[in-house]
Amino acid sequence: MTGQAQERNLDDPEEVTRRYLERHTAPVAALNRWVESHAGGMREMPWFDPRDGGTFARILVLLEAPARQAMRPRFVSRDNPGPAQRNLKLFLAQACVAREETVIWNTVPWLPPVDGPPMQLRAGDIRAGIALLDDVLGFLPELRVVVCAGRTARRAEASIRASRPDIQVLSMPHPSPLAVCAGPHVARQIVDTLAQARGVAGAWRRTT
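Residues numbered from 1 in each chain as written. Predicted model: local features only at pLDDT ≥ 70, side-chain atom pairs only at ≥ 80, totals over all residues. Heavy atoms only, no water.

An unreviewed UniProt entry annotates the protein as Uracil-DNA glycosylase of Massilia forsythiae.

Draft legend 1. Up close: the packing of aromatic side chains. All chains considered together, the criterion is met by 4 aromatic pairs. Between Phe-48 and Trp-105 the ring centres are 4.3 Å apart and the planes differ by 10 degrees, which places this aromatic pair in the stacked class. Placement of Phe-48 in strand S1 (residues 47–48) and of Trp-105 in strand S4 (residues 102–106) is noted, with a sequence separation of 57 residues between them. By the burial criterion, Phe-48 is buried, and Trp-105 matches it. Put simply, the rings of Trp-34, Phe-48, Trp-105 and Phe-139 pair up and form one aromatic cluster. If you follow Arg-23 out to its NZ or CZ, it ends over the ring of Tyr-20, 3.8 Å from the centre. One residue, Arg-43, lies across the ring of Trp-110, its end atom 3.8 Å from the ring centre. (Phe/Tyr/Trp six-rings, centres within 6.5 Å; stacked < 30°, edge-to-face > 60°. Helix = DSSP H or I, 4+ residues; strand = E, 2+ residues; numbered from the N terminus. Buried < 20%, exposed > 50% of the residue type's maximum accessible area, 1.4 Å probe, protein only. Lys NZ or Arg CZ within 6 Å of the ring centre and 35° of its normal.)

Draft legend 2. Geometry of the sheet that holds strand S5 (residues 145–149). Spatially, S4-S2-S5-S6 is the arrangement adopted by the 4 strands of the open sheet, whose pairing is parallel. Of all strands in the sheet, those with a lone pairing partner are S4 and strand S6 (168–172), marking the two edges. Averaged over all pairs of adjacent strands, the angle between their axes in this sheet comes to 20 degrees, without regard to strand direction. Set on the sheet, helix H5 (residues 123–138) makes contact with strand S2 (59–63), S4 and S5; between it and S2 the angle comes to about 160 degrees. (Pairing = 2+ DSSP bridges. Axes fitted to C-alpha atoms, helices over the stretch in contact; angles between N-to-C directions. Contact = heavy atoms within 4.5 Å.)

Draft legend 3. Here's a closer look at the pairing of S5. Of all 5 residues in S5, 5 are buried, a share of seventy percent or more. Side chains Val-145, Val-147 and Ala-149 of S5 all project onto a buried face; the interleaved residues Val-146 and Cys-148 project onto the opposite face, where all are buried too. The sheet contact formed by S2 and S5 spans 4 bridges and is parallel. If you follow Leu-62 over to S5, its bridge partner there is Cys-148. Summarising the sheet, S5 and S6 pair through 5 bridges and their orientation is parallel. If you follow Cys-148 over to S6, its bridge partner there is Ser-171.

Draft legend 4. Structural context of the pattern of salt bridges. With the rule as written, the count across this model stands at 17 salt bridges. Notably, a salt bridge pairs Arg-78 with Asp-52, separated by 3.6 Å at the nearest N-O pair. One end of the pair, Arg-78, is in the loop between strand S3 (75–76) and helix H4 (83–94); the other, Asp-52, is in the loop between S1 and S2, and 26 residues separate them in sequence. Judged by relative accessible area, which is 4%, Asp-52 ranks as buried. Several salt bridges share partner residues, and in doing so they unite Glu-15, Arg-18, Arg-19, Glu-22, Asp-49, Arg-51, Asp-52, Arg-78, Asp-79, Lys-89 and Arg-99 into one network. (Salt bridge = Lys/Arg side-chain N within 4 Å of Asp/Glu carboxyl O.)

If you want it as structure tokens, here you go:
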């Protein structure tokens, strides 16, 4: 796969199909088999992106919930066409975070309905999503740091620390345009936090 193809966004149906066909390849095979094990009910979860680090990732970026989008299949990815994902992709690049070092997930992982009103983040859904996050952490033996992006993601901090006391938990604002437009300090804080996560992951790699 060329670098140009790797950077193609997921508003391209051909790229979506390509990644769907790769969903059971390393390094995301185990994670996406887990996603598949939860399929068939009323709520659907997106696939982990095979362009990311998957089970080899040292940094988990934990967002809040998937955006409403008609295209299927869906991935949780920096390459999604939504404005928050475009911002995150830019901030990760500015922080010099290598893609293969990262995996991305949502605190409330279920896809919202394509039609109808926007999904409300209810307390029960957040608790259920945090419980599933414990499963995800179990697939990430190389993980060194979780970056919680936004208030909903920060609600998972205690559970993350209890499940994985070996890792560091950082928090940053959500990369949505609404948050970023609050002032230039927000973008700087996001980039600085992601750079800090890169430093934590890199320090661990140098000592192993």
